[in-house]
Amino acid sequence: MSLTDFPSLERFPRVPLLDGPTPIQRLHRLEAALGDALGGVQIFVKRDDHMSLGGGGNKLRKLEYLIGAAQAEGADTIVTVGGLQSNHARLTAAAAARAGLACELVLGRPVPRDDGDYERNGNVLLNGIFGATVHTLPPGENALAAAQMRAAQLRSQGRRVFLMPTGGSTPVGALGYMRCAQEIGAQAKAIGAEFAEIVVANGSAGTHAGLAAGLYAAGKPASTVRSFSTLADGEQARRTTLELTEATLRLVGIEASLGDADIQVDGRQRGAGYGIPTAQMRDALRMMARTQGLLLDPVYSGKAFAGLLADLRAGRYAAGRQVLFVMTGGTPGLYAYRSIFDAQ
Ligand SMILES: Cc1ncc(COP(=O)(O)O)c(C=O)c1O
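What counts, and where the lines are drawn
- Residues numbered from 1 in each chain as written.
- Predicted model: local features only at pLDDT ≥ 70, side-chain atom pairs only at ≥ 80, totals over all residues.
- Heavy atoms only, no water.
- Phe/Tyr/Trp six-rings, centres within 6.5 Å; stacked < 30°, edge-to-face > 60°.
- Helix = DSSP H or I, 4+ residues; strand = E, 2+ residues; numbered from the N terminus.
- Buried < 20%, exposed > 50% of the residue type's maximum accessible area, 1.4 Å probe, protein only.
- Lys NZ or Arg CZ within 6 Å of the ring centre and 35° of its normal.
- Axes fitted to C-alpha atoms, helices over the stretch in contact; angles between N-to-C directions.
- Parallel < 35°, antiparallel > 145°, perpendicular 65-115°, else oblique.
- Left-handed = near helix turned anticlockwise from the far one by under 90°.
- Contact = heavy atoms within 4.5 Å.
- Nonpolar A, V, L, I, M, F, W, Y, C, P; charged D, E, K, R; others polar.
- Salt bridge = Lys/Arg side-chain N within 4 Å of Asp/Glu carboxyl O.

A. A look at the packing of aromatic side chains. Using the criterion set out here, one finds four aromatic pairs in the structure. Ring plane angle 70° and centroid distance 5.5 Å describe the contact between Phe 44 and Phe 195, whose orientation is recorded as edge-to-face. Of this pair, Phe 44 sits in strand S2 (residues 42-47) while Phe 195 sits in strand S7 (residues 195-202), and the two are 151 residues apart along the sequence. Per residue, the accessibility class of Phe 44 equals that of Phe 195, and both read buried. The ring of Tyr 177 carries the charged tip of Arg 61 above its face, separated from the ring centre by 5.7 Å. We note Arg 113 situated over the ring of Tyr 337; from NZ or CZ to the ring centre the distance is 4.8 Å.

Here it is, written out as structure tokens:
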């Protein structure tokens, strides 16, 4: 199968939340800064942080299909879950505002922090500005169970609720990244690039799964996608990603039986746990900012980019190869991590 007979996604309701394809750009200054350590590899970024709605980020691609499904079902209220500083929650609030739907966020505390920056700044600040109703849970409580209870309560009051799980990572949500894989294929062709790997952060697995499903559907190896896990350990994240990739392909009518080698997840950048900074993340984030003027985020893309830099320095790619890093947004999270950037 090739791009021309890629399965049509037209039958899935979609509410446009992007302004068109996001740009692919080459990181010339970063390449120069890496010098000989780069070994002649070319580094490109897919700017999925570059979207006009709600501060932008990867979740908007999933939300195009999730809000589409919610509207098709006649929902009037979106309920979703996340950690306190969830980008998915913030973008769901923004997308619901754009679609004219009520939005309730049930936020758990997977990160052991309760300081002022974490509690009130960053995504938390924006959720309120977007008009979402926020339910913040005490540590240890299961956000999905609490969201299910809240959804039942709202339904008993006559509301028509659409419940989205963590990160919007359902097969319907992952369609957004199948579409993105198709977009990347067309852009690569236009600029004459052949990406050896497409590198991305892995949280709830929907972004990796959608890209892998899209590549598979286009007749390319799903293993072209390489992700760095930030939430689950590497093996758990790989299994979840594999299942979601197959389920997403099934949704579009493709039965695929993928093997272990088809889904590449590297667990070595997660550090002490989800949302806990690493020195490598901070260095990678600063390097991108100081060479290219571009912002990564401290929880997802900063750790994944640290992984890419480690791979480049270890000579993973041969001279002349091209690699694409998907920038997934999340920069509001920086304001919740002020203290780790205080020192120069
Ligand atoms: C900025 C950012 N990058 C990457 C990810 C990971 O995406 P996924 O949950 O689809 O694996 C997330 C998820 O929350 C995110 O907010």
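On we go from here.
B. Just the packing of helix H2 (residues 59-72) against helix H7 (residues 171-191), in detail. At a minimum axis distance of 7 Å, the contact between H2 and H7 shows a crossing angle of 135°. Viewed along their axes, H2 and H7 adopt a mutual orientation that is oblique. When the axes of H2 and H7 are compared, the crossing they make is right-handed. In contact with Arg 61, Lys 62, Glu 64, Tyr 65, Leu 66 and Ala 69 of H2, H7 contributes Val 172, Gly 173, Leu 175, Gly 176, Tyr 177, Arg 179, Cys 180 and Glu 183. Tallied by class, residues from the contact of H2 with H7 come to seven nonpolar, two polar and five charged.

C. Local environment of the pattern of salt bridges. For the structure shown, the criterion picks out 19 salt bridges. Taking the shortest distance from any N to any O, the salt bridge between Arg 338 and Asp 117 comes out at 3.1 Å. Placement of Arg 338 in helix H12 (residues 338-341) and of Asp 117 in helix H4 (residues 116-120) is noted, with a sequence separation of 221 residues between them. Its relative accessible area of 45% is what places Arg 338 among the partly exposed residues. Assessed through its relative accessible area of 15%, Asp 117 is described here as buried. Ionic pairing is found between Asp 266 and Arg 226, a salt bridge with its closest N-O pair at 2.9 Å.

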